[in-house]
Amino acid sequence: MTVQPSVLLIAGSPSEQSRSSGLLDWVSQRLTQHGQTVDRLHIRELPAAALLLADWKHPALVRAIEQVARATVIVVATPVYKAAYSGVLKVFLDLLPQTALKGKTLLPLATGGSPHHMLALDYALRPVLQSLSARHILPGVYATDSQVPQSSGGAYEPGADISTRLDEAVSTLMTETFRLPATTGFEPVAFSRVRCSV
Ligand SMILES: Cc1cc2nc3c(=O)[nH]c(=O)nc-3n(C[C@H](O)[C@H](O)[C@H](O)COP(=O)(O)O)c2cc1C
């Protein structure tokens, strides 16, 4: 029996026209093509004062936190700001309960102006996701601005290199995560039943 995971895409940029959200759009399309349904959360659309003042009882924040709770897979995208992830993403993550990501698989994505801060995903975002008890954090995908050009229609779309890497990440999600059995572990085996080969 396979689990039907619930996927949440979190957009962590304060910008409406956003390169990091362009990466999310690509992942969303691919997951949809694989038959997955995806939910979205744009942090910039949450009430700013409630976010900044950590008013976690605000109905919009309650709904957003519930979206996180429902998801089994979360793809989170952020711009690099001052060598780390965005402040709006941070204020949202700060609102989550300490074990909010327990049992969940995370795929982090980021865009930055230069390649110099590509490790921000690993040294800044990953420890925070880990501290929220994420079960599995997949290798992140980082793109520079030049790798996510604007199309003639105005949307940001990943170029060939990045779309290939995003496809690989989605493929990993499909094979490693979406086909997990309903139980997330093995039944304990009594020591008396363990057979040694020597
Ligand atoms: C306030 C601010 C700080 C930034 N800091 C960095 C940085 O430290 N390193 C970097 O590579 N790019 C930096 N950038 C560039 C953005 O990360 C980059 O343009 C990113 O693609 C924007 O993503 P978005 O369109 O999803 O917001 C910064 C941009 C802004 C507005």
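As shown above, the structure is provided for reference.
The rules we used
- Residues numbered from 1 in each chain as written.
- Predicted model: local features only at pLDDT ≥ 70, side-chain atom pairs only at ≥ 80, totals over all residues.
- Heavy atoms only, no water.
- Helix = DSSP H or I, 4+ residues; strand = E, 2+ residues; numbered from the N terminus.
- Buried < 20%, exposed > 50% of the residue type's maximum accessible area, 1.4 Å probe, protein only.
- Contact = heavy atoms within 4.5 Å.
- Areas by Shrake-Rupley, 256 points an atom, 1.4 Å probe, with all protein chains shown as cover.
- Core = buried A, V, L, I, M, F, W, Y, C linked by side-chain atoms within 4.5 Å.
- Salt bridge = Lys/Arg side-chain N within 4 Å of Asp/Glu carboxyl O.
- Near = heavy atom within 4 Å.
- Polar contact = N/O pair within 3.5 Å; in protein donor to acceptor, adjacent residues only side chain to side chain.
- Nonpolar A, V, L, I, M, F, W, Y, C, P; charged D, E, K, R; others polar.
- 1 Å grid on protein atoms, 1.4 Å probe; cavity = no way out; pocket = protein on both sides within 12 Å on 5 of 7 lines; lining within 4 Å.
- Points joined across faces, edges and corners; volume = space filled by probe spheres on them.

## Section: the overall build of the protein
Scanning the protein from N- to C-terminus turns up six helices and six strands. Along the chain direction, N to C, the helices and strands of the protein fall in the order β-α-β-α-α-β-α-β-α-β-β-α. Within the protein, buried positions represent 43% of all 198 residues. Put simply, of all contacts in the protein between residues at least 6 apart along the chain, 77% involve residues at least 24 apart. Accessible area of the protein: about 10900 Å², with a carbon and sulfur share of 56%.

## Here we look at the nonpolar core
Ile10 and Phe92 are the most contacted members of the largest nonpolar core, which has 35 residues in total. Those elements that place two or more of their residues in this core are β1 (7–11), α2 (48–52), α3 (59–70), β3 (73–79), α4 (87–95), β4 (105–112) and α5 (120–131). In terms of residue count, the dominant contributor to this core is α5 (six residues). The residues contacting Phe92, other than those within four sequence positions of it, are Leu41, Ile43, Leu46, Leu51, Ala64, Ile65 and Val68. Ala77, Leu109, Val148 and Leu173 belong to the second largest nonpolar core, which has 25 residues in total.

## Here we look at the pattern of salt bridges
For the structure shown, the criterion picks out six salt bridges. One salt bridge connects Arg30 with Asp167, and the closest N-O pair in it is separated by 2.9 Å. With Arg30 in helix α1 (residues 19–33) and Asp167 in helix α6 (residues 160–177), this residue pair connects regions lying 137 residues apart in the sequence. Owing to a relative accessible area of 29%, Asp167 belongs among the partly exposed residues under this scheme. Salt-bridge contacts for Asp94 lead to Lys90; the nearest nitrogen and oxygen are separated by 3.0 Å.

## Structural notes on the site of the ligand
In the vicinity of the ligand there are 17 residues, among which Ser13, Ser18, Ser20, Val80 and Asp145 approach most closely. Backbone polar atom of Ser114 to an oxygen atom of the ligand: 3.1 Å apart, as the coordinates give it. Residue composition of the shell around the ligand, grouped by class: five nonpolar, nine polar and three charged.

## As for the layout of surface pockets
Approximately 170 Å³ is the volume attributed to the largest pocket. Lining the largest pocket we find 14 residues, and of these Ser13, Arg19, Pro79, Thr111 and Asp145 sit closest to its centre. Of the residues contributing to the lining of the largest pocket, the split by class is four nonpolar, eight polar and two charged.

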